[in-house]
Amino acid sequence: FIFSALKHSNDRSSSFDYFGDAYTTEHRISEENNARNYQGIIDEVNDGSWSRKISTEDNRYKEALVYNTRTLQDAGIPVVILNMPLHPLVSEHITDESRNNFFALLNATGATWYDYELSYPEEIYWYKDGHHLAPYTGALAFAPVMADLIIQEMS
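So, here is what we can say about the structure in this document. (Residues numbered from 1 in each chain as written. Predicted model: local features only at pLDDT ≥ 70, side-chain atom pairs only at ≥ 80, totals over all residues. Heavy atoms only, no water.)

A closer look at the nonpolar core
Nonpolar side chains in soluble globular proteins generally cluster together in the buried interior. Formed by Y114, Y116, Y120, Y125, W126, F142, M146 and L149, the largest nonpolar core amounts to 8 residues. Per-element tally for this core: the top contributor is helix 7 (residues 137-154), with 3 residues. In this view, Y114 contacts V80, I81, L82, N83, L149, Q152 and E153; residues no more than four positions away in its chain are not counted. Counting 5 residues, the second-largest nonpolar core is a separate cluster that includes V79, F103, L106 and A111. (Core = buried A, V, L, I, M, F, W, Y, C linked by side-chain atoms within 4.5 Å. Buried < 20%, exposed > 50% of the residue type's maximum accessible area, 1.4 Å probe, protein only. Helix = DSSP H or I, 4+ residues; strand = E, 2+ residues; numbered from the N terminus. Contact = heavy atoms within 4.5 Å.)

What follows is the structure, encoded as structure tokens:
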């Protein structure tokens, strides 16, 4: 991951060797078709499967996140949390209240966190659903960002 990200970080317009990578040409063609027809994302949004609600109430998942983060920090291990990219159609279905509750939870961990939720608005970056970046277009866009973040956090 890091090698690939660094390889492409200096040349953001470089073309990727589709034939030399593990995903095969068929996978690439499938991704290109998904970019043109992202009905799966629309279906996912409309069926309500991405209507995530985060309340202010404590639960074992929130407690586990805070506990694990603080345990790592107490051991001298830096923790960085990422709010990963979402397709804008999916993101629209997250209420401001849920988003604010989520950010409050991230703040409660004491960890550094970054919000990439709305970083990739265009259809070409998404794969079959609204919460996975496509292996080529999305990964080639996001990997250098992650490489830069890792370098920044390690400095």
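Remarks on the pattern of salt bridges
Counted by the stated rule, this structure contains 2 salt bridges. A salt bridge links D96 to R99; its shortest N-O distance comes to 3.8 Å. Of the two residues, D96 and R99 are both situated in helix 6 (residues 96-109); the distance of 3 residues between them amounts to about one turn of the helix. The partner of R99 in a salt bridge is E117, and the shortest N-O contact between them spans 2.6 Å. In this pair, R99 sits in helix 6 while E117 sits in the loop between strand 2 (112-115) and helix 7, placing the two residues 18 residues apart along the sequence. Of the residues examined, R99 reaches a relative accessible area of 17% and is grouped as buried. Each of D96, R99 and E117 takes part in a single network of salt bridges with overlapping partners. (Salt bridge = Lys/Arg side-chain N within 4 Å of Asp/Glu carboxyl O.)

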